[in-house]
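# Chains, contacts and geometry: an overview
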Amino acid sequence: MNTPSHYAKSIQPWDAMRAWMSEEAFRGFLQGNVIKYVARYKEKGGLDDLKKAQHYLFELIETYQEKANA
């Protein structure tokens, strides 16, 4: 998923959360957003919500791969 231009000049919110939260809490945040976007895509955002869910799921997978490679 492409990063919106309004994030280009500032820190990504989830980068700040990742730095401030425990690993478990950050993964919970990511998982919660996957659930939120998948649960509502039919009634609200359609394909856009599925892409948002995919974006959060990709980041959640990355956190597990980073730990496995550490």
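Residues numbered from 1 in each chain as written. Predicted model: local features only at pLDDT ≥ 70, side-chain atom pairs only at ≥ 80, totals over all residues. Heavy atoms only, no water.

### Section: the pattern of salt bridges
According to the stated counting rule, one finds 5 salt bridges in the structure shown. The residue arginine 18 makes a salt bridge to glutamate 66 at a minimum N-O spacing of 2.4 Å. With arginine 18 in helix α1 (residues 13–20) and glutamate 66 in helix α3 (residues 47–69), this residue pair connects regions lying 48 residues apart in the sequence. For arginine 18, a relative accessible area of 30% translates into the label partly exposed. Taking the shortest distance from any N to any O, the salt bridge between glutamate 23 and lysine 67 comes out at 3.5 Å. Taken together, the positions of glutamate 23 in helix α2 (residues 23–40) and lysine 67 in helix α3 put the pair 44 residues apart, joining distant regions of the chain. What makes glutamate 23 partly exposed here is its relative accessible area of 42%. For lysine 67, a relative accessible area of 53% corresponds to the exposed category. (Salt bridge = Lys/Arg side-chain N within 4 Å of Asp/Glu carboxyl O. Helix = DSSP H or I, 4+ residues; strand = E, 2+ residues; numbered from the N terminus. Buried < 20%, exposed > 50% of the residue type's maximum accessible area, 1.4 Å probe, protein only.)

### A word on the packing of aromatic side chains
In this structure the tally under the stated criterion is 4 aromatic pairs. When the ring of phenylalanine 29 is compared with that of tyrosine 56, the centres are 5.9 Å apart and the planes differ by 80°; the resulting orientation is edge-to-face. Here phenylalanine 29, found in helix α2, pairs with tyrosine 56, found in helix α3; they are 27 residues apart in sequence, far enough to count as distant. When its relative accessible area of 22% is taken as the criterion, phenylalanine 29 is described as partly exposed. With a centroid separation of 5.9 Å and 20° between ring planes, the pair formed by tyrosine 37 and tyrosine 56 is classed as stacked. Of the two residues, tyrosine 37 is situated in helix α2 and tyrosine 56 in helix α3; the sequence distance between them amounts to 19 residues. Tyrosine 56 shares its class with tyrosine 37; the two are buried. One aromatic cluster is present, formed by Trp14, Phe26, Phe29, Tyr37 and Tyr56 through successive ring pairs. Directly above the aromatic system of tyrosine 64 lies the positively charged group of arginine 27, at a separation of 3.6 Å from the ring centroid. (Phe/Tyr/Trp six-rings, centres within 6.5 Å; stacked < 30°, edge-to-face > 60°. Lys NZ or Arg CZ within 6 Å of the ring centre and 35° of its normal.)

Shape is all these values report; function is a separate question.
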